[in-house]
Amino acid sequence: MSDEIKYEDAIKELDEIVNKLENGTASLDESIKLFEKGTKLAGICSEKLKKAEQKITMLTKENNDD
């Protein structure tokens, strides 16, 4: 899985994984794979949000310095 995935696509896929896990119809092995993929997607989303927040903070600071 690449960090190149768009935030919106990662959230959509993460939501689908959560729904599958909550449904309870997946086998144990499939559930573990889904959980692992979901954890990676959550990490990607978190990192993208962190970078966006840092960029907004930087831009706001630059605008206030002018």
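To be clear, the structure that these remarks concern was listed above.
For every chain, the first residue of its written sequence is number 1, and the numbers climb from 1 along that sequence. The predicted origin of the model limits local features to residues at a pLDDT of at least 70 and limits the giving and counting of side-chain atom pairs to 80 or more, whereas totals for whole chains, interfaces and linings rest on all residues. Derived side-chain values reflect all non-hydrogen atoms in the structure, with water molecules and hydrogen atoms excluded from consideration.

### Some points on the overall build of the protein chain
Runs of H or I in DSSP of at least four residues are treated as helices and runs of E of at least two as strands, each being numbered from the N terminus. When helices and strands are tallied, the protein chain shows two helices and zero strands. Only the C-alpha atoms count toward the radius of gyration. The rule for a globule is 2.2 Å times the residue count to the power 0.38. Computed over its C-alpha atoms, the radius of gyration of the protein chain comes to 17 Å, more than 25% above the 11 Å expected for a compact globule of 66 residues. Considering only C-alpha atoms, the protein chain reaches an extent of 60 × 20 × 15 Å along its principal axes. Only protein chains enter the calculation, and the probe is 1.4 Å; a residue is then buried if its accessible area is under 20% of its type maximum, exposed if over 50%, and partly exposed in between. In the protein chain, which comprises 66 residues, the proportion classed as buried is 17%. Only heavy atoms enter the contact rule, under which two residues are in contact if any of them lie within 4.5 Å. Partitioning the intrachain contacts of the protein chain with sequence separation of at least 6 by distance along the chain shows that 73% fall at a separation of at least 24. Of the roughly 5,400 Å² of accessible surface on the protein chain, a fraction of 52% belongs to carbon and sulfur atoms. Counted as positive: Lys and Arg. Counted as negative: Asp and Glu, with His and the chain ends omitted from the count. A charged residue contributes its charge at one atom only: NZ of Lys, CZ of Arg, CG of Asp or CD of Glu. Mean positive and mean negative side-chain charge positions of the protein chain (11 and 16 charges, respectively) differ by 3 Å. Here the Shrake-Rupley method, with its probe set to 1.4 Å, supplies the accessible areas, and only the displayed protein chains count as covering residues.

### Some remarks on the pattern of salt bridges
We count a salt bridge whenever a side-chain nitrogen from Lys or Arg sits within 4 Å of a carboxyl oxygen from Asp or Glu. Counting across every chain of the model gives two salt bridges. A salt bridge links Glu-13 to Lys-37, with the nearest nitrogen and oxygen atoms 2.5 Å apart. Of this pair, Glu-13 sits in helix 1 (residues 7–23) while Lys-37 sits in helix 2 (residues 28–65), and the two are 24 residues apart along the sequence. Across the pair Lys-40 and Glu-36 runs a salt bridge, and its minimum N-O distance is 3.9 Å. Separated by four residues within a single helix, Lys-40 and Glu-36 lie in helix 2, roughly one turn from each other.

### Description of the environment of Glu-62
Residue placement: Glu-62 occurs in helix 2. A sequence separation of 48 residues divides Glu-62 from Leu-14, and the C-alpha atoms of the two residues are 35 Å apart.

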